[in-house]
Amino acid sequence: MAGKKSKTVAPTFSKPPYQLSIQQVADELGTNIETGLSTQQVGEYTAKYGENKLEGEGAISPWRILLKQVANAMILVLFFAMALSYGTKDFIEGGVITAVIALNVLIGFWQEYNAEKTVDSLRSLSSPSAAVLRNGDIDVKTIPSGPVVPGDIIQLVVGDIVPADVRLFEAYNFAALEAILTGEPIPVIKEIEPIEGEQGVGDRINMAFSGTEVTKGRARGIVVGTGMATEMGAIAAAMQSKSKKANRSVDPKKGKWNPVKGSALRTWDAIGKFLGLTEGTPLQKKLAKLAYVLFGCAILLAIIVFGVNKFNVTHEVQIYAISLGIAIIPESLIAVLTITMAVGMKKMAKNNVIVRKLDALEALGGVTNICSDKTGTLTQGKMVTRKAWIPGVGIYSVERNNSAADPTSGFVTIGAASTEDAGAAEREYQDKRAKRDEARSALALKFADDTNIKDRPAEVPTPENEKPEPVGNDGDRPDVVPELEAFLQSTSLCNLATVRYNDKEKHWQTSGDPTEVALQVFAHRFDFGRKKLESSGWKEFAEYGFDSNVKRMSVVFQEPDNGKQMIFTKGAVERIVDLCDDIGFGDNRQPLTPQLKDEVIRQMTLLADQGLRVLAIARRVVDTPKRSQDWSETPREEVECNLTLLGLAGLYDPPRLESKLAVQNCTEAGIQVHMLTGDHPGTARAIAREIGIIPKDFGTLPADVAAAMCMTASEFDALSDDQIDELPNLPFVIARCAPSTKVRMIEALNRRGRYVAMTGDGVNDAPSLKRANVGIAMGEGGSDVAKSAADLVLTDDNFASIVKAVEEGRRMFENIQKFVLHLLVSNVGEVILLIIGLAFQDRNGLSVFPLAPLQVLWINMLTSSFPAFGLGKEKPSSEIMRRPPHSIKVGVFTWQIMADMMVYGFLMGTLTLCTFIVVVYGAGGGNLGHDCNSRYSEACDVVFRARAAVFVQLTWLILVSAWEFKSLRRSMFRLNPYQTDSYFPFFKDIYDNKFLFWAVIIPGILVVPVIYIPGLNTMVLRHAPITWEWAVSAAGVPIFIFGIEVWKFIKRKWGLFNNGESDRIKKDSSLSLRQGFFTMARTMTRTSMGSRTTTMEKRPMNDKGDDQV
């Protein structure tokens, strides 16, 4: 039985393993660091601690997906209608409804199953193998990571994925990249000594964590945690845990009636979950409510039918009741919705977005806030040397660099080093920025006010004394002066990274530590790569690897020309500067006085304030050359002394090229981006400024708003929920962010009525990905846990793809509104026709329905579904990303949709009713025959012909309404009011969506043979061939179009459902400024939307669904 244990059990220790000595850890686990575990111990520990795997990694369950499709509100209602049909022995109708149910279920199952399979194929094993020492063998054995148990002795080398949490006891220049856990892009140098006190994951430097990558060196250690007992497992457990709803406790200690109240609420939760009323996206819950409301209406209508017939429930009365029930239910809604979303999913896949859950598309369109990780999401996850300060020369800056690995990307400029303090430099920069923005703003305002301006100025005037933006071409660089040459030699040779151009694949490739790669790429910009220097005669004699205790690295090289030996050193500024006697090179070399040392620290501060990681570069010419063997015996402290400081290098993790534009597009769309990162606050602020998340200058903001703009996780977590809710705005940047901080941020946004998307790639993002309304994971660099938690997966790890996803989500939402309106209008029209049709009674006093049940099913399934699907394929409007997100509270069923449904439905029902009356009472003399609901006879010929006329007219009205619903407010004859290339663009506009065009034309023609096909007409659809009645049917179409156009004109003229603002397009309309962090952002929306571009406010959305932003 023990072997079947699936849960992972954590070993118990007297103290956390990182606080214990190696021998204490070995003793408490019963292992030996020299021989490892025995085979018997491995078996015992496997039974005791469980397998090394995360929970929830099972295969896809088709049955669970199928059950989810069957337990759908609309499907449950259709099941009831099917049962009634079979109960009345109407097997044709029952069979048709059965086919409708099967079609809906199969379509939904197939699409969701394929989506799960797609994501499953993206998953890769985070720990495919492990090198373990067992049974006293001399050599380690490579085994799958699953059988690894606590107590195993693990060997780790460069490139390995750590298979479990390991307490290290040997580490040789060993570093691991823990960005997957902490978000930090810099590999962590590991030590082996015990650590005192409680420490966070990032500070447990004697531990190697499951799922992290070894970037350099080698190490050995003892496994202290496997599976769910690892740090990765703890995050996975937090992701899987569900928050408990309030008042669900059944503990009698909390109140006498608590068990009754708690049990009742739990029962309601279970029922609501099954019925789809309490779980799912807003659209799912609203459609579930719609289904049950319609079901209730169907029952009410059946009671009305029975009441009109004095509760003499004959077979014909039952058929009439079923007909009304079928008429009010949009049978094709689920199928059309699922197919439309599936098409949207395929379109998203072409845009590098894998949709794990179809309903995430609908939810994405309502997102108001995006909480994003920085490293690898907004940034490239790679280090770049951005600035280099050379004493006596100036500051070299890399401008417009588009690739961290490409030394030919961007250009290098040189400028004078700042002689002022950091605060003065920053104030000068902000003053210049403000002047430029003011000039641009003034220009834009003048342009907006003067409608007679013909030509816009080509350039914005530059304020006086403002330095122009750097100009250059890729590969441009200043001449190499001796001081720079010495600096480049040191950065290139004191470096283990490689940079090379792949001729076959036509791109640059790098390998090694990200910091060293950045320095090596910078050296390559000036053609000072290590490989070239070595080929020219530079010879390495010794290497002193990076040591986390001294925070520096040194190498000894021999110069090719005169044979001089030189020591090159790089490392933390505070560690290097204390080892230097001099500063500068050549004529600029001078003793490093306290004043000059202060200048070095000041320059370091200037670079650090720009979000750069600063390293010092130094060298020393060896007075007495040594042999290689002698250098290997020379103590490090004798090598790293009496150095000459050559300069400082400022490195940073650059934003993705698309990030700034993507954030700007989000701002224009009324979506606020928040950066939640584990990085240093200065780095986070610098990146946030650069891509537009926060303003360049906080001076224009109120003090309380500016204070809340950027926070550290410790500051944010120290606040209670009430204090967070009292903030004027939630932070746009949170640095040193822990997983729990991200979850609290999402919960705080939800309390303000915001709908949140979370993007991320690491395991540390998984809990917030699951807690967010929409979780978006990275496919390339993302962890398996993150992908499993997410609703969407970006296959290109590109933040800009989110903008495309949001646009697609909004397009889907608008199109869902269109086809839902299209389907429900026909239902309202049919119900009005059939309800009033109760008054048409034959000689036996039984009501004669003007539309047969299978005619209703034919129209609802075959006639309506294809145009509805065509509406789902409509292209996005030009304004779709220039207006705020739609209200999730209101959802699809806005007041406009409800009003349109009633107006158009009433119009449709009235016209078809008039057609029935004209045929029966006009030409037919009011002859309603006998038993005309069940079969055809000569006495029923007039009724059957009237049904045919109604069937034809209703078909045509439903089809033409699809063209009208291409826009809910614009005229069908001029859908795009901005176009000027045609005076009558009707035919061009309706043919723009070819599927919808033919979905209207073909059924409109095919209705003719349906009227005349023997057997199908009189026996199934219960109508008869017609002649002159065609004219009556056709006459209703232009009346229907006129009625819709009048209603649309009324909405536009008086601004109905548009806050009372007219939709008229003014000829003198011009660009308007928008509030935000992008001064010249343009918009084609109305001026009233200009105030809706930020979310710096704490009030939630109001009951009308308006974003108070």
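Each residue is numbered by its place in its chain's sequence as written, counting from 1. Where totals are concerned, whole chains, interfaces and linings use all residues; where local detail is concerned, this predicted model gives features only for residues with pLDDT of at least 70, and gives and counts side-chain atom pairs only at 80 or more. Side-chain numbers here rest on the full set of heavy atoms in the structure, without hydrogens or water.

Novice: Before we go on, may I ask you to explain the overall build of the protein chain in this structure?
Specialist: Only runs of H or I of at least four residues qualify as helices and only runs of E of at least two qualify as strands under DSSP, and these elements are numbered from the N terminus. The secondary structure content of the protein chain amounts to 38 helices and 27 strands. With 1109 residues in all, the protein chain has 54% of them scored as buried. Areas reported here follow the Shrake-Rupley algorithm with a probe of radius 1.4 Å; residue values treat only the protein chains shown as occluding. When the accessible surface of the protein chain is split by element, carbon and sulfur atoms take 56% of a total near 48200 Å². Accessible area is worked out with a 1.4 Å probe on protein chains only. A residue is then buried under 20% of its type maximum, exposed over 50%, and partly exposed in between.

Novice: Could you clarify how one ought to interpret unusual backbone geometry in this entry?
Specialist: With the exception of glycine, the majority of residues adopt a negative phi angle, and the majority of peptide bonds are in the trans configuration. A positive phi angle, near 65°, is found at Asp 527, a position not held by glycine. One can find Asp 527 in the loop between helix 16 (514-525) and helix 17 (530-535). Since its relative accessible area comes to 41%, Asp 527 is described here as partly exposed. In this model, Asp 931 sits at a positive phi of 55°, which is unusual for a non-glycine residue. By the element assignment, Asp 931 lies in the loop between helix 33 (895-923) and helix 34 (941-964). Judged by its relative accessible area of 14%, Asp 931 is buried.

Novice: In this structure, what is going on with the packing of aromatic side chains? I would like to understand it.
Specialist: The description of two aromatic rings rests on the distance between their centres and on the angle between their planes. Each pair of aromatic rings taken from Phe, Tyr and Trp, with Trp reduced to its six-membered ring, is defined by centres within 6.5 Å and is described as stacked if the planes are under 30 degrees apart, edge-to-face if over 60, and tilted in the remaining cases. One pass over the structure, following the stated rule, counts 22 aromatic pairs. Relative to Phe 995, the ring of Phe 869 lies with its centre 5.0 Å away and its plane at 85°, an arrangement referred to as edge-to-face. Placement of Phe 869 in helix 32 (residues 865-872) and of Phe 995 in helix 36 (residues 994-1012) is noted, with a sequence separation of 126 residues between them. Overall, Phe 869 belongs to the buried group, its relative accessible area being 15%.

Novice: Is there a simple way to think about the state of the cysteines in this case?
Specialist: Cysteine sulfur pairs qualify as disulfides if the two atoms are within 2.5 Å. Applying the stated criterion across every chain, the model contains one disulfide. The partner cysteine of Cys 932 in its disulfide is Cys 940, sulfur to sulfur 2.0 Å. Looking along the S-S bond of the Cys 932-Cys 940 disulfide, the torsion reads about -90°, which is the left-handed sense. For Cys 932, a relative accessible area of 1% puts it in the buried group.

Novice: I'm lost on the sheet that holds strand 24 (residues 733-735) in this one. Help?
Specialist: Backbone hydrogen bonds are what pair the strands of a sheet, in a parallel or an antiparallel way. Strand pairing requires that DSSP identify at least two bridges connecting the strands. Spatial strand order, 8-27-26-25-9-22-24-23: eight strands in an open sheet with mixed pairing. Of all strands in the sheet, those with a lone pairing partner are strand 8 (353-355) and strand 23 (710-712), marking the two edges. On average, each strand axis in the sheet is inclined to that of its neighbour by 20°, with strand direction left out of account. Axis geometry follows a simple rule: fit a line to the C-alpha atoms, using only the stretch in contact for helices, then measure angles between N-to-C directions, giving values from 0 to 180 degrees.

Novice: Looking at this structure, I do not really get the pairing of strand 20 (residues 613-621). What am I missing?
Specialist: Moving residue by residue along a regular strand, the side chains alternate between the two faces of the sheet. For strand 20, the tally of buried residues reaches seven of nine residues, placing the bulk of the element in the interior. As defined by bridge partners, strand 17 (residues 565-572) adjoins strand 20 across seven bridges and the pair is classed as antiparallel. Bridge assignment links Gly 571 to a residue of strand 20, and that residue is Ala 616. Note: strand 20 against strand 21 (residues 643-652), seven bridges, orientation antiparallel.

Novice: I'm lost on the nonpolar core in this one. Help?
Specialist: Proteins that are soluble and globular tend to have nonpolar side chains buried together. Throughout, nonpolar core names a set of buried Ala, Val, Leu, Ile, Met, Phe, Trp, Tyr and Cys residues whose side chains join them through atoms within 4.5 Å. Counting 182 residues, the largest nonpolar core has Ile 693 and Phe 819 as its most contacted members. Take this core: its biggest share by element is 19 residues, from helix 30 (residues 800-837). Residue contacts are defined here by distance: any two heavy atoms, one from each residue, within 4.5 Å place the two residues in contact. Leave out the neighbours within four places in its chain, and Phe 819 touches Leu 333, Val 336, Leu 337, Thr 340, Ala 868, Leu 871 and Gly 872. Grouped together as the second largest cluster of nonpolar side chains are 52 residues, Phe 169, Met 207, Leu 730 and Ala 789 included.

Novice: What's the story with the environment of Cys 666 in this structure? I'm lost.
Specialist: Structurally, the position occupied by Cys 666 is in helix 22 (residues 659-668). Classification of Cys 666 as buried rests on a relative accessible area of 2%. With 136 residues separating them along the chain, Cys 666 and Ile 802 place their C-alpha atoms 9.3 Å apart. The contact partners of Cys 666, leaving out residues within four places of it in the chain, are Ile 370, Ile 671, Val 673 and Val 803.

Novice: Sorry, what's going on with helix 27 (residues 739-751) here?
Specialist: Structural remark: α-helix, 3.6 residues per turn; residues separated by three or four positions point the same way. By definition here, a helix of n residues has an expected span of 1.5 Å times n minus one. The terminal C-alpha atoms of helix 27, which comprises 13 residues, lie 19 Å apart, in line with the 18 Å expected from a rise of 1.5 Å per residue. If you check which residues of helix 27 are buried, you get Thr 741, Lys 742, Val 743, Arg 744, Met 745, Ile 746, Ala 748 and Leu 749. Looking one or two residues past helix 27, Gly 753 carries a phi angle of roughly 80°, positive in sign.

Novice: Sorry if this is basic, but what is going on with the confidence of the model for the protein chain here?
Specialist: Any segment with low pLDDT has predicted coordinates that should not be analysed in fine detail. Chain-level statistics for the protein chain give a pLDDT mean of 81 and a share of 84% at 70 or above. For every residue, the predictor reports its confidence as pLDDT, a number between 0 and 100. When the elements of the protein chain are averaged for pLDDT, helix 14 (residues 422-449) gives the smallest value, 44, and helix 34 the largest, 96. Between residues 1-6, whose pLDDT stays under 50, and residues either more than four places distant or in other chains, the model counts three contacts. Long-range and interchain partners of residues 436-466, a stretch whose pLDDT sits below 50, account for 28 contacts in this model, where long-range means more than four residues apart.

Novice: Even after reading the chapter, I still don't get the packing of helix 32 against helix 36, so can you show me in this structure?
Specialist: Relative placement of two packed helices is described by the angle separating their axes and the distance separating the axes. Contact geometry of helix 32 with helix 36 gives a least axis separation of 8 Å together with a crossing angle of 165°. As summarised for this structure, helix 32 and helix 36 are arranged roughly antiparallel, according to the angle between their axes. Here helix 32 runs over helix 36; the crossing is left-handed. Residues Phe 866, Pro 867, Phe 869, Gly 870 and Leu 871 of helix 32 touch helix 36, and the partners they reach there are Phe 995, Leu 996 and Ala 999. Gly is put with the polar residues, along with every residue not named as nonpolar or charged; the nonpolar set is Ala, Val, Leu, Ile, Met, Phe, Trp, Tyr, Cys and Pro, and the charged set is Asp, Glu, Lys and Arg. By residue class, the composition of the contact of helix 32 with helix 36 is seven nonpolar, one polar and no charged. The scheme is simple: roughly parallel for angles under 35 degrees, roughly antiparallel for over 145, roughly perpendicular for 65 to 115, oblique for anything else. Each crossing gets its handedness from the near helix: less than a right angle anticlockwise from the far helix is left-handed, clockwise is right-handed.

Novice: What exactly am I supposed to notice about the pattern of salt bridges here?
Specialist: Pairing of side chains with opposite charge becomes possible as their charged atoms draw close. For this document, the term salt bridge refers to a Lys or Arg side-chain nitrogen within 4 Å of an Asp or Glu carboxyl oxygen. Overall, the coordinates contain 28 salt bridges when judged by the stated rule. A salt bridge links Glu 516 to Lys 570, with the nearest nitrogen and oxygen atoms 2.9 Å apart. Within this pair, whereas Glu 516 is found in helix 16, its partner Lys 570 is found in strand 17, the two being separated by 54 residues in sequence. On the accessibility criterion, Lys 570 (7% relative accessible area) is buried.

Novice: Help me understand the pairing of strand 11 (residues 394-399) in this model?
Specialist: With five of its six residues buried, strand 11 lies for the most part within the structure. Pairing analysis gives four bridges linking strand 10 (residues 384-390) to strand 11, with the strands arranged antiparallel. Counterpart to Ala 388 in the pairing with strand 11 is Tyr 396. Between strand 10 and the antiparallel strand that follows it, strand 11, lie three residues; Gly 392 among them carries a positive phi value of about 80°. Of the pairings in the sheet, the one linking strand 11 to strand 12 (residues 411-415) comprises five bridges and is antiparallel in character. Bridging from a neighbouring strand, Tyr 396 pairs with Ile 414 of strand 12.

Novice: I keep staring at the environment of Gly 872 and nothing clicks. Help me out?
Specialist: Looking at the secondary structure, you find Gly 872 in helix 32. What makes Gly 872 buried here is its relative accessible area of 3%. Taking the C-alpha atoms as reference points, Gly 872 and Met 812, separated by 60 residues in sequence, lie 7.0 Å from one another. Ignoring sequence-local partners within four residues, the contact set of Gly 872 consists of Thr 340, Arg 811, Asn 815 and Phe 819.

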